[in-house]
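The residues making up each chain are set out below.
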Amino acid sequence: MHSDPHGAETRGPGRAAHAAGRGPSVSSSPNTAADLSAARDALVSGSGRTRRLDTQALRDALVDLFDFWLTTEGSELGIRPDSGFALVAVGGLGRREMLPHSDVDLILLHDNIDPGTVSSVADRLWYPLWDAHIRLDHSVRTVPQALQVASGDLPAALGMLEARHIAGDNELSNLLIGGVRRQWRTGIRNRFDELIEMTEARWERSGQVAHRAEPDLKSGRGGLRDVQLLNALSVAQLTDGMPGLGPDAPGGGLAAAHRHLLDVRTELHRVAGRGRDQLQAQDADEIGAALRIGDRFDLARLLTESARTISYSVEVGVRTAGNSLPRKGLSRLRRGPVRRPLDEGVVEHGGEVALARDAQPGKDPGLITRVAAAAARSELPISAATLTRLSDHAPELREPWPRQALDDLIVLLASGPAAVDVVEALDRTGLWGRLLPEWGAVRDLPPRDAVHTWTVDRHLVETAVHASALTTRVSRPDLLLLGALLHDIGKGRGGDHSVVGAEVADQIGTRMGLWPSDLSVLTAMVRHHLLLPHTATRRDMDDPTTVAAVVDALGGDPLLLELLHALAEADSQATGPGVWGDWKASLIRELVRRCRLMMAGEDLPAPAPIDPELAQLAEDGAMHVSLVPRPDGRGHTVTVVAPDEPGVLSDTAGVLALHGLRVQSASIGSHAGSTVNSFAVVPRFGAPPAAGLLRQELLRARSGDLDLLAELEAKDRAARESAPSIRPERAVPGTYSQAPPRLIWLDTTDPGQVVLEVRAEDRIGMLCRLAGVFEDLGADVRWATVTTIGSTVVDSFCVDLSTAGTRESRERLEQALLAVLPAPEPPKPTTAS
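Residues numbered from 1 in each chain as written. Predicted model: local features only at pLDDT ≥ 70, side-chain atom pairs only at ≥ 80, totals over all residues. Heavy atoms only, no water.

Participant: Can you walk me through the overall build of the chain in this structure?
Facilitator: Across its full length, the chain carries 31 helices and 19 strands. Of all intrachain contacts in the chain linking residues separated by at least 6 positions in sequence, the fraction that spans at least 24 positions is 71%. Of the roughly 36,200 Å² of accessible surface on the chain, a fraction of 50% belongs to carbon and sulfur atoms. (Helix = DSSP H or I, 4+ residues; strand = E, 2+ residues; numbered from the N terminus. Contact = heavy atoms within 4.5 Å. Areas by Shrake-Rupley, 256 points an atom, 1.4 Å probe, with all protein chains shown as cover.)

Set out below in structure tokens:
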């Protein structure tokens, strides 16, 4: 028995009989096969009168060589038109991708010819190839037998989809090729799940081409098998096979990525002198030089770029194919996918993020970041059509960026692991580079240190992912996330990457519209991102000059120290296994503690002064609600002046949330017996409601006719129920978060009064819920400042706790506040095996 590469065991000509001299005569063309082998070796090595061919020319020449030999030999054996025989190539020869030491995969088709005659022809065809040491996989079938094998064996079906007629009866070949393709198209609905499971198992075995030191170019994720998978889905008419990646796509798109991998694998065969799929480190420099790419690092960068392009294309192709399949069972009776709003001009449709029907990407510069933020929040992929449309029509963001575009970028970075796929999709389609042109220097850049798991660009994104879990540890989560994204942006440019990176970060931050003070902090973070770990692990912290040098380098800025502490942890965690541990964490923590002692004193938060016009309205004592556009064009300002009674703050915040107004910042105060509250808001969709409607709803809430908490819970519940079934638990913003909430108590000079700073991830109606807790427990909020930074809130409340014991009030208040704040999802219990 001989192993059939097309999915079954077939009875071969019998090596034992041949060795004993009892098989059919094979003396018709042994020299011809030997000449074939010699000609192949000459083409590969470029020896004799044959010049050394480049990889593409070599593959073409090998295909022509084998086609010629098989056609000639087949004709001598009687494999001619109308003979009832056909010779069909699959595998690399079938795809016209013949590599120097690829197997020759052949199917000998016959039209129910006498078994003795078939066996004689097969023996006279196979044995010369074996004797010439040409690796051969073969099978002998009738067309019905081949179709039967393809119907029951998925790898066999995939192989036959690449079949190509070589010699003999062309109609017989067409019956097989056309039959297999029709069978594949009609049966894909029932075979799709098996196809994906087989693909994922292959990925699990072989790993990722882009992030492996010695990648499997054929079977790894992002390898050549994945291109064949896309072609199979295209044959099934589920995808177009070559998804558009936009004019700015790095590396030239899928076709170029495919060609690059083929070139490297071709040269790998030539260097190794045998068929091999895994690129070993010792061969990388030679292959890079032969392909005129450069050294092993240049080769690694090319492979990473190509593999990531293929991986993204496969992700899009598989998702598109799954959505294209007809639904089964009762789902066929349901109406088509609904369009659920996610943000202004952005909807969820069929499990993907898409543009609303009225979206105008050519006139909406902030649409790219808004789509990205919506995708990250909802953990849904961006549809390929949406990415293509944005790539074709979205204009460049003006300088400085609109504030909302920066906020959306912060939301994206704060979304944790969900950000990785979104950034990858934007990057592979050229949109990420449009936002950050400087990214090109680090894109697919391989690390020079073996301790790093990721390429430099992926490391930056991974650092932001880890930083998203630390946003409540710092007072400026936006700067932490931006610093995480840009801390190594200076690599790949020559010189000290920290110094170069600070200059690049200054350019980026200026373009994004950061305030000068924030820009200074960001550039300092990039410049000094290695200061704490290097000092803590390489210097004597008992020496006062060590701590003084750190404090002096940071200009005595406690905010910068706080941010660098969190960045050092995120950077280490994103580098690789074992880089961050208790020992390193304790050293850096102790260094930070000593630096803080040397810096000393931080100012308490303070209320903003009340505008004189609002003070006059407060003295009048009536309820007043106004909504006016902000001078900078970034949303509206809602001002509420009302009698200072319990519940006003929570009711006002609840009304705003119920009507789709996101509170970006707020100032809460009182004057002359009235509360004076101003909110900077941005509508989630469309235009804001009229001020009169807000006033009417606030009056209803104050009278008890409107149960705001119940309405907000119903809104949350409706959003969850309308979420797509693919990820029901995380498809809409819920009560889980990336970072744990943090409550910071600060004593004041006034007896009974404390300042409570709340740091947590945002949720619908957050301010309403917080204010409700204060009011339920009888804690009087004297003033408050509310700030939403990306998806994180940093709210300060001056609370009077004089009505109860301070310690008891703090404990009860903490428990009640933590009950309404989003917290990280608890780990799922593991079951004992």
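Participant: Looking at this structure, I do not really get the sheet that holds strand 13 (residues 674-683). What am I missing?
Facilitator: Paired through their backbone hydrogen bonds, the strands of a sheet run either parallel or antiparallel. Here we have eight strands laid out as an open sheet, ordered 10-11-13-12-17-18-16-15, and antiparallel in their pairing. A single partner strand is all that each edge strand has here, and the edge strands are strand 10 (624-629) and strand 15 (742-747). Sheet twist, expressed as the mean angle between neighbouring strand axes with direction ignored, is 15 degrees. Pairing analysis gives four bridges linking strand 12 (residues 661-671) to strand 17 (residues 780-789), with the strands arranged antiparallel. Paired with Ile 668 across the bridge in strand 17 is Ala 784. (Pairing = 2+ DSSP bridges. Axes fitted to C-alpha atoms, helices over the stretch in contact; angles between N-to-C directions.)

Participant: I would appreciate a short explanation of helix 21 (residues 516-527) in the present structure.
Facilitator: Because each turn of an α-helix spans 3.6 residues, side chains separated by three or four positions end up pointing in the same direction. With 12 residues, helix 21 extends 16 Å from end C-alpha to end C-alpha; this agrees with the ideal 16 Å at 1.5 Å per step. At its buried positions, helix 21 is contacted by helix 19 (477-486), helix 20 (497-512) and helix 24 (558-575). (Expected span 1.5 Å × (residues − 1).)

Participant: Mind showing me how you'd approach the sheet that holds strand 9 (residues 352-355) here?
Facilitator: Here we have three strands laid out as an open sheet, ordered 7-8-9, and antiparallel in their pairing. What marks the edges here is a single partner per strand, and that holds for strand 7 (339-343) and strand 9. Between one strand axis and the next, the sheet turns by 40 degrees as a mean value, whatever way the strands run. In the sheet, strand 8 (residues 346-349) pairs with strand 9 via four bridges, with the strands oriented antiparallel. The residue bridging Val 346 from the neighbouring strand is Leu 355, located in strand 9.

Participant: Sorry, what's going on with the nonpolar core here?
Facilitator: Grouped burial of nonpolar side chains is what soluble globular proteins tend to show. One finds Leu 409, Leu 412, Leu 426, Trp 432, Trp 439 and Leu 482 to be the most contacted residues of the largest nonpolar core, which totals 90 residues. Sort the elements by how many residues they give to this core and helix 24 lands first, with eight residues. Ignoring anything within four residues of it in the chain, the contact list for Trp 432 reads Leu 409, Leu 412, Val 423, Leu 426, Asp 427, Trp 439 and Leu 485. Listed in part, the 56 residues of the second largest apolar core include Val 149, Val 209, Leu 261 and Leu 325. (Core = buried A, V, L, I, M, F, W, Y, C linked by side-chain atoms within 4.5 Å. Buried < 20%, exposed > 50% of the residue type's maximum accessible area, 1.4 Å probe, protein only.)

Participant: Any chance you could explain the side chain of Glu 348 here in plain terms?
Facilitator: Note that Glu 348 resides in strand 8. Among the polar contacts made by the side chain of Glu 348, one reaches the main-chain amide nitrogen of Gly 351 at a distance of 2.7 Å. (Polar contact = N/O pair within 3.5 Å; in protein donor to acceptor, adjacent residues only side chain to side chain.)

Participant: Whenever I open this one, a negative patch on the surface confuses me. Can you help?
Facilitator: A cluster of acidic residues, Asp 193, Glu 194, Glu 197 and Glu 200, forms a negative patch on the protein surface. With respect to the secondary-structure elements, Glu 197 resides in helix 8 (residues 170-206). Exposure remark for Glu 197: the relative accessible area of 55% places this residue in the exposed category. (Patch = residues over 30% accessible without salt bridge, like charges linked within 9 Å, V, L, I, M, F, W, Y side chains within 5 Å. Salt bridge = Lys/Arg side-chain N within 4 Å of Asp/Glu carboxyl O. Lys, Arg positive; Asp, Glu negative; His and termini not counted. Charge placed at Lys NZ, Arg CZ, Asp CG, Glu CD.)

Participant: Can you walk me through unusual backbone geometry in this structure?
Facilitator: Outside of glycine, negative phi angles account for most residues, and trans bonds account for most peptide bonds. That bond from Glu 399 to Pro 400 is cis: its omega, -5 degrees, falls within 30 degrees of zero. Residues other than glycine seldom take positive phi values, yet Asp 82 does so here, at roughly 65 degrees. Tracing the sequence through the fold places Asp 82 in the loop between helix 3 (55-76) and strand 3 (85-90).

Participant: Quick question: what am I supposed to make of the packing of helix 3 against helix 5 (residues 115-131) here?
Facilitator: A pair of packed helices is characterised by two quantities: the angle between their axes and the separation of those axes. Between helix 3 and helix 5, whose axes approach to 10 Å, the crossing angle comes to 140 degrees. With respect to helix 5, the element helix 3 is oriented oblique. As for how helix 3 packs across helix 5, the hand of that crossing is right-handed. Side by side, helix 3 and helix 5 meet where Trp 69, Leu 70 and Glu 73 of the first sit next to Arg 124, Leu 125 and Leu 129 of the second. Here the residues of the contact of helix 3 with helix 5 are counted per class, giving four nonpolar, no polar and two charged. (Parallel < 35°, antiparallel > 145°, perpendicular 65-115°, else oblique. Left-handed = near helix turned anticlockwise from the far one by under 90°. Nonpolar A, V, L, I, M, F, W, Y, C, P; charged D, E, K, R; others polar.)

Participant: How do you make sense of the pairing of strand 4 (residues 104-110) when you look at a structure like this?
Facilitator: The two faces of the sheet receive side chains in turn, since in a regular strand these alternate between them. Counting buried positions over the seven residues of strand 4 gives seven, a clear majority of the element. Neither face of strand 4 is exposed, since Val 104, Leu 106, Leu 108 and His 110 on one face and Asp 105, Ile 107 and Leu 109 on the opposite face are all buried. Here strand 4 pairs with strand 5 (residues 136-141) via six bridges, running parallel. Within the sheet, the bridge partner assigned to Leu 108 lies in strand 5 and is Val 140. The parallel pair strand 4 and strand 5 is bridged by helix 5, and the resulting crossover is right-handed. (Right-handed = clockwise from strand over helix to strand, strands pointing away.)

Participant: I keep staring at the side chain of Ser 383 and nothing clicks. Help me out?
Facilitator: With respect to the helices, strands and loops of the structure, Ser 383 is situated in the loop between helix 13 (367-378) and helix 14 (384-393). Sequence-distant contacts of Ser 383, that is, excluding residues within four places in its chain, are made with Arg 319, Glu 352, Val 353 and Ala 354.

Participant: It is not clear to me how the environment of Pro 533 should be interpreted in this structure. Could you clarify?
Facilitator: By secondary structure assignment, the location of Pro 533 is in helix 22 (residues 531-538). Exposure remark for Pro 533: the relative accessible area of 9% places this residue in the buried category. Residues Pro 533 and Glu 569, 36 residues apart in the sequence, show an inter-C-alpha distance of 8.9 Å. Setting aside residues no more than four positions away along its own chain, Pro 533 makes contact with Ala 568, Lys 584 and Ile 588.

Participant: Is there a simple way to think about the packing of helix 27 (residues 648-658) against helix 30 (residues 766-776) in this case?
Facilitator: Look at helix 27 against helix 30: their axes get within 8 Å of each other, and the N-to-C directions meet at 165 degrees. As summarised for this structure, helix 27 and helix 30 are arranged roughly antiparallel, according to the angle between their axes. Relative to helix 30, the crossing made by helix 27 is left-handed. On helix 30, the residues touching Val 648, Leu 649, Ser 650, Ala 653 and Gly 654 of helix 27 are Leu 767, Cys 768, Ala 771, Gly 772 and Glu 775.

Participant: Help me understand the environment of His 659 in this model?
Facilitator: Locating His 659 in the fold gives a position in the loop between helix 27 and strand 12. As for His 659 and Leu 694, which are separated by 35 residues in sequence, their C-alpha atoms are 8.4 Å apart. If near-sequence neighbours (up to four positions away) are discounted, His 659 is found in contact with Pro 689, Leu 693, Leu 694 and Glu 697. For His 659, the side chain forms a polar contact with the side chain of Glu 697, separated by 3.2 Å.

Participant: I keep staring at the packing of aromatic side chains and nothing clicks. Help me out?
Facilitator: Describing an aromatic ring pair means giving the distance of the ring centres and the angle of the ring planes. By the definition in use, this model includes three aromatic pairs. Aromatic side chains Tyr 127 and Trp 130 sit 5.1 Å apart centroid to centroid with 70 degrees between the ring planes, which places their arrangement in the edge-to-face category. Of this pair, Tyr 127 and Trp 130 both sit in helix 5, three residues apart, which is roughly one turn of that helix. In this pair, the class of Tyr 127 matches that of Trp 130, namely buried. (Phe/Tyr/Trp six-rings, centres within 6.5 Å; stacked < 30°, edge-to-face > 60°.)

Participant: Just to check I follow, could you spell out the environment of Leu 519 for this structure?
Facilitator: Positionally, Leu 519 belongs in helix 21. Leu 519 gets classed as buried once you look at its relative accessible area, which sits at 12%. Here the alpha-carbon distance between Leu 519 and Asp 506, two residues 13 residues apart in the chain, equals 6.6 Å. With residues up to four places along the chain from it excluded, the contact list for Leu 519 reads Ala 505, Asp 506, Gly 509, Thr 510 and Leu 514.

Participant: Before we go on, may I ask you to explain helix 26 (residues 612-620) in this structure?
Facilitator: All buried positions along helix 26 are accounted for by Leu 614, Ala 615 and Ala 618. Angularly, the buried residues of helix 26 cover 105 degrees about the axis, an arc narrow enough to put them on a single face. Pointing more than 90 degrees away from the buried face of helix 26 are the exposed residues Pro 612, Glu 613 and Asp 620. Where the residues of helix 26 are buried, they touch strand 11 (636-643), strand 12 and strand 13. Among the residues of helix 26, the N-terminal cap falls to Asp 611, whose side-chain oxygen and the backbone nitrogen of Glu 613 are separated by 2.8 Å. Gly 621 lies just past helix 26 and shows a positive phi near 85 degrees. (Arc of directions from axis to C-beta.)

Participant: Looking at this model, I keep getting lost on the pattern of salt bridges. Mind explaining?
Facilitator: Close approach of charged atoms lets side chains of opposite charge pair. The final tally for this structure, using the stated rule, is 44 salt bridges. In this structure, Arg 443 engages Asp 427 in a salt bridge whose closest nitrogen and oxygen atoms are separated by 2.9 Å. With Arg 443 in the loop between helix 17 (431-435) and helix 18 (456-468) and Asp 427 in helix 16 (residues 418-428), the pair connects residues that are 16 residues apart, well separated along the chain. A relative accessible area of 13% means that Arg 443 is categorised as buried. You can call Asp 427 buried: its relative accessible area is 2%.

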